[in-house]
Amino acid sequence: MSWGAHAGIGDRFHRYMDRRMRSGGGTGNGSQFLFELEGRLDPEELGARLDALPGPWTRVPLQVLDGSPEIESFFNEHYARDFPRPESQEPLEAVLSLSDERSLLLLRWNHVLMDAPGGDLLVRMLDGEDPERFRLHDSPPSLWKRASRGSWLKALLAVHEHALRFLLGSIPGPAQRDRRADDPQPRARIALLDAEQTASVDRRAAELAGPLEANHFVLACALQACAEALSIGPSQRLLVPCPLDLRPPAWRGPVFSNYFSSVLLRLPGSVLQSTDQAIAAVRGAFRHALARRQEVANLFMMGLARWVPYPLLRLLMEGPSLRDPASLYYSKVELTAGRKGQLLGLPLASCVIGSSVLRLPGLTVLVSRCAGRLTIAVLGNGFRDDQQLLERLIGLLTGSEAS
């Protein structure tokens with residue numbers, strides 16, 4: 001969580017991202033969790049629990065609605081709304097839709113407040129766990145030192161090499177979806193996997209990538225599905241910011257979250273023709289990036305948000321085109337909240353997670369696990385082939401389609 005007494009690297013950079021996402025009419029830098037519960041949740045009890053949460057807010061607004069809407073449409077209705085601003089006294093908000101049979105609880109917040117793991121801790125506190133268990137045990141300066149392990153000269157060389165490779169890799173630019181969109185509104189395409197489908201994904205991950213590198217399998221499938229949806233050729237490349245939870249088991253180092261833990265993987269279409277090929281390419285590219293200390297270089301770039309003016313930082317982050325260079329954003333979230341199948345005293349049927357896509361032509365695949373079941377979401381702004389990408393990805397993950 002970003003509940004510190006002063007603004008650190010994460011706060012500064014996420015404020016920069018919020019400003020970047022709002023330029024041109026975006027919704028801001030935010031996330032939302034949607035929990036589907038079996039039965040009717042008491043709104044007064046929920047309001048009391050929200051008010052009791054420790055945090056930097058005056059109150060947590062709660063909107064109570066009647067009805068039992070379809071999950072994807074309900075999620076998207078609010079996903080297209082502006083997220084709370086980072087300077088707001090109400091950076092966290094809740095929406096509850098009720099019927100006699102089920103309750104939909106939606107939590108929305110600005111990323112300056114917390115990331116997805118922080119959101120997981122907040123939901124656990126909302127569910128009654130003691131807040132004292134979640135006190136931070138490390139400080140940003142300590143994390144910085146661990147990330148910069150070794151001499152500063154080596155760190156500066158890593159930053160320099162990373163910048164040169166980034167510039168050289170921009171010519172020609174990475175493959176992206178068509179910027180012309182049918183629908184500019186942000187939206188999510190969602191697949192809720194049942195227990196049998198989730199088990200099939202786990203079996204395939206263990207078989208094809210091994211139990212310790214199962215995330216390589218999931219990302220490989222996402223890249224393969226994206227390459228097909230974008231119809232990229234063998235010589236075209238995908239550029240993917242990749243979180244450090246994909247690190248090889250032998251690698252030892254700090255674990256940050258989201259942008260602070262990412263390396264940039266560049267993979268040509270020629271290595272994405274089969275799932276086995278894609279897994280090997282992801283594993284090799286990731287180890288190569290870590291060998292070149294790319295995570296240190298990225299952390300340094302994010303830290304510039306503390307000192308560099310917004311226009312210059314945007315130029316450094318996006319290059320002369322001032323365009324988000326990523327082909328695909330990828331994230332995988334494991335929630336411990338509701339892990340026993342219940343939340344707030346009711347059976348937990350499903351959970352959907354989403355975060356803002358930077359801007360056109362942004363595209364994200366987000367895989368989450370809650371209460372033993374996987375949810376796959378394709379998030380984007382008007383990408384006309386998002387449903388095709390989602391269906392192909394489900395087929396690759398479960399083995400129901402040839403790979």
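In this text the structure is predicted, and so the values were computed from the model without any measurement. (Residues numbered from 1 in each chain as written. Predicted model: local features only at pLDDT ≥ 70, side-chain atom pairs only at ≥ 80, totals over all residues. Heavy atoms only, no water.)

So, the pairing of strand 3 (residues 92-98)
So, step 1. Buried residues dominate strand 3, accounting for seven of its seven residues.
So, step 2. Both strand 2 (residues 62-66) and strand 3 contribute to a ladder of five bridges, which runs parallel. Note on strand 3: the bridge partner recorded for Q63 is V95.
So, step 3. One crossover worth recording links strand 2 to the parallel strand 3 by way of helix 3 (residues 71-79), and it is right-handed.
So, step 4. The pairing of strand 3 with strand 4 (residues 102-110) spans seven bridges and is antiparallel. Paired with L98 across the bridge in strand 4 is S103.
So, step 5. The turn joining strand 3 and strand 4, which pair antiparallel and follow one another in sequence, is formed by three residues. (Buried < 20%, exposed > 50% of the residue type's maximum accessible area, 1.4 Å probe, protein only. Helix = DSSP H or I, 4+ residues; strand = E, 2+ residues; numbered from the N terminus. Pairing = 2+ DSSP bridges. Right-handed = clockwise from strand over helix to strand, strands pointing away.)

Points about the pattern of salt bridges
So, step 1. By the definition in use, this model includes 16 salt bridges.
So, step 2. Linking R22 and D18 is a salt bridge whose minimum nitrogen-to-oxygen distance equals 2.7 Å. With a gap of four residues between them, R22 and D18 both fall in helix 1 (residues 9-22), about one helical turn apart.
So, step 3. Classification of R22 by relative accessible area gives buried; the value is 14%.
So, step 4. With relative accessibility at 3%, the residue D18 sits in the buried group.
So, step 5. With its nearest N and O atoms 2.5 Å apart, the salt bridge here joins E93 to R108. (Salt bridge = Lys/Arg side-chain N within 4 Å of Asp/Glu carboxyl O.)

A look at a nonpolar patch on the surface
So, step 1. A cluster of nonpolar residues, L312, L315, L316 and L322, forms a patch on the protein surface that exposes about 310 Å² of accessible area.
So, step 2. Tracing the backbone through its elements, the reader meets L316 in helix 11 (residues 310-318). (Patch = residues over 30% accessible without salt bridge, like charges linked within 9 Å, V, L, I, M, F, W, Y side chains within 5 Å. Areas by Shrake-Rupley, 256 points an atom, 1.4 Å probe, with all protein chains shown as cover.)

Focus: the sheet that holds strand 1 (residues 30-38)
So, step 1. Here we have six strands laid out as an open sheet, ordered 2-3-4-1-10-9, and mixed in their pairing. Looking at strand neighbours, the two that pair on one side only are strand 2 and strand 9 (342-343), the edges of this open sheet.
So, step 2. Relative to strand 10 (residues 346-355), strand 9 is paired through two bridges, and the arrangement is antiparallel. Its bridge partner being in strand 10, L343 is matched across the sheet by L346.

With respect to the environment of Q63
So, step 1. Within the secondary structure layout, Q63 lies in strand 2.
So, step 2. Accessibility expressed as a relative area gives 38% for Q63, which makes it partly exposed.
So, step 3. In sequence terms Q63 and L106 are 43 residues apart; their C-alpha atoms lie 9.7 Å from each other.
So, step 4. If we skip the residues at most four places from it in the chain, Q63 touches H78, A94, V95 and L96. (Contact = heavy atoms within 4.5 Å.)

Side note on the environment of P84
So, step 1. Within the secondary structure, P84 sits in the loop between helix 3 and strand 3.
So, step 2. Counting along the chain gives 24 residues from P84 to R108, while the straight-line C-alpha distance between them is 8.0 Å.

Some details on unusual backbone geometry
So, step 1. Backbone geometry at S231 places phi at a positive 55°, although glycine is not the residue there.
So, step 2. Position of S231 among the secondary structure elements: in the loop between helix 8 (214-230) and strand 6 (237-242).
So, step 3. For A371, which is not glycine, the phi dihedral falls at a positive 55°.
So, step 4. On the accessibility criterion, A371 (30% relative accessible area) is partly exposed.

A look at the packing of helix 8 against helix 12 (residues 386-398)
So, step 1. Their axes nearest at 9 Å, the elements helix 8 and helix 12 cross at an angle of 140°. Judged by the angle between their axes, helix 8 and helix 12 are oblique. For the pair helix 8 and helix 12, the sense of crossing is right-handed. Each of F217, V218, C221, A222, Q224, A225, C226, E228 and A229 in helix 8 lies in contact with helix 12, whose residues at this interface are Q388, L389, R392, L393, L396 and L397.
So, step 2. Classifying every residue of the contact of helix 8 with helix 12 by side-chain character gives eleven nonpolar, two polar and two charged. (Axes fitted to C-alpha atoms, helices over the stretch in contact; angles between N-to-C directions. Parallel < 35°, antiparallel > 145°, perpendicular 65-115°, else oblique. Left-handed = near helix turned anticlockwise from the far one by under 90°. Nonpolar A, V, L, I, M, F, W, Y, C, P; charged D, E, K, R; others polar.)

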